Amino acid sequence: MAHIFTAEGFHVMVQGFFLWVSLIVALGPQNALVIKQGLRRHALGAVLTVCVLSDLLLVIGGIAGVDFVVERAPWLLEVLRWAGVAFLLWFAFANFKEARNPRGIMSAGDNSQSSSTDAAPNPSTVTASSHKTNGSVPMSTSDQGEMAYSTGSPVATLERTSTEVAVAKTSAPASQATRESIRKPVLAAIAMSWLNPGAFVDGFVMLGGMANQYGDLAWALGIGALAATVIWFPALGLGARAMSHHLAKPAVWQKINIGIGILMIFIAGRLALGV
């Protein structure tokens, strides 16, 4: 491996970097998902992690010669091709569905925050209900305070218990909703990465085939491709996140979703036709 870190090895790394960049910069389903999650400012880190790790496995597999397995199981690419077509059509439908409801396109975290706020108990209501007495003479605030202090603070205990029960009931659904909202983009990222036959062609055929021409410097080509992956996806996602404030209008979100939906249908058509 020492010969990789030489002038010749560095030259091959640069070639691998630009080769892989030329293969992954095209606006495909994976990049479209990263852009969308960056604009939504939601689950971006999880989606980037899935995309980067998936590409790293593709690069390592291509350099290690996994194309040997693919050549002996051509039906695997055929299964992935039609699975990818089905998933891309579903993803296009989901984007068109979101475009019909502009309010639902905004950040997924907004809904959970607003729902938890709406469900929070009203302290004034709890206090008022706790201060009711059964006696015919109403008690003053000072008398209530003295009574609470002398009897172990039953009013405060009642208020605290009511609040804790209410918070306990609302915090669990909120955290569960957050996990659910993160799970969907992560599953979509996994599907976009592994149900795309083009990714296998790029990693196992294009990169793997070129790596075989470099002999002992094949892993230098792979290191360059790995560097391209690590740089590209975070730059794409964070760039979209930086632009999210300027693209937060519902009308803009409608156009973005419609555009992504049309792109997914186009890619699905190319996969189905084998173009």
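Residues numbered from 1 in each chain as written. Predicted model: local features only at pLDDT ≥ 70, side-chain atom pairs only at ≥ 80, totals over all residues. Heavy atoms only, no water.

An unreviewed UniProt entry lists the protein under the name Lysine exporter protein, with Corynebacterium resistens given as the organism. If you open the UniProt record of the protein and go to Subcellular location (unreviewed entry), you find "Cell membrane". (UniProt positions renumbered as here; feature names shortened; annotations may be inferred.)

(A) Geometry of helix α10 (residues 197–211). The end-to-end C-alpha separation of α10 is 20 Å, in line with the 21 Å expected for 15 residues at 1.5 Å each. Regarding α10, the residues found buried are Pro197, Ala199, Phe200, Asp202, Gly203, Phe204, Leu207, Gly208 and Ala211. (Helix = DSSP H or I, 4+ residues; strand = E, 2+ residues; numbered from the N terminus. Expected span 1.5 Å × (residues − 1). Buried < 20%, exposed > 50% of the residue type's maximum accessible area, 1.4 Å probe, protein only.)

(B) Up close: the packing of helix α2 (residues 29–40) against helix α3 (residues 44–64). Running from amino to carboxyl end, α2 crosses α3 at an angle of 160°, the nearest separation of the two axes being 9 Å. Relative to α3, the element α2 is oriented roughly antiparallel. Between α2 and α3 lies a crossing of left-handed hand. Residues Gln30, Leu33, Val34, Gln37 and Gly38 of α2 form the contact with α3, whose own contacting residues are Leu44, Val47, Leu48, Cys51 and Asp55. Class assignment for the residues of the contact of α2 with α3 results in six nonpolar, three polar and one charged. (Axes fitted to C-alpha atoms, helices over the stretch in contact; angles between N-to-C directions. Parallel < 35°, antiparallel > 145°, perpendicular 65-115°, else oblique. Left-handed = near helix turned anticlockwise from the far one by under 90°. Contact = heavy atoms within 4.5 Å. Nonpolar A, V, L, I, M, F, W, Y, C, P; charged D, E, K, R; others polar.)

(C) Structural detail: the pattern of salt bridges. Summed over all chains, the structure comprises one salt bridge. The salt bridge partner of Lys36 is Glu98, with a shortest N-O separation of 2.9 Å. Of this pair, Lys36 sits in helix α2 while Glu98 sits in helix α5 (residues 74–99); the two residues are 62 residues apart in sequence, bridging distant segments of the chain. Judged by its relative accessible area of 4%, Lys36 falls in the buried class. (Salt bridge = Lys/Arg side-chain N within 4 Å of Asp/Glu carboxyl O.)

(D) Geometry of a nonpolar patch on the surface. Together, Phe10, Val14 and Phe18 line one region of the surface with nonpolar side chains, adding up to about 310 Å² of accessible area. Within the secondary structure, Val14 sits in helix α1 (residues 7–24). Its relative accessible area of 30% is what places Val14 among the partly exposed residues. (Patch = residues over 30% accessible without salt bridge, like charges linked within 9 Å, V, L, I, M, F, W, Y side chains within 5 Å. Areas by Shrake-Rupley, 256 points an atom, 1.4 Å probe, with all protein chains shown as cover.)

(E) Looking closely at the packing of α1 against helix α11 (residues 218–242). Here α1 crosses α11 at 45°, and the two axes come no closer than 6 Å. Viewed along their axes, α1 and α11 adopt a mutual orientation that is oblique. The two elements α1 and α11 meet at a crossing, and its hand is right-handed. Residues Gly9, Val12, Met13, Gln15, Gly16, Phe17, Trp20, Val21 and Ile24 of α1 touch α11, and the partners they reach there are Ala220, Leu221, Ile223, Gly224, Ala225, Ala227, Ala228, Thr229, Ile231 and Trp232. Taken together, the residues that form the contact of α1 with α11 break down as 14 nonpolar, five polar and no charged.

(F) Inspection of the UniProt feature "transmembrane region" (unreviewed entry) in the protein at higher detail. As recorded in UniProt, the sites labelled "transmembrane region" (unreviewed entry) are residues 12–34, 46–69, 75–96, 186–211, 217–240 and 252–273. Secondary structure over residues 12–34 splits into 83% helix and 0% strand, and the C-alpha atoms at its two ends are 29 Å apart. Split by type, residues 186–211 is 92% helix and 0% strand. Its first and last C-alpha atoms lie 31 Å apart.

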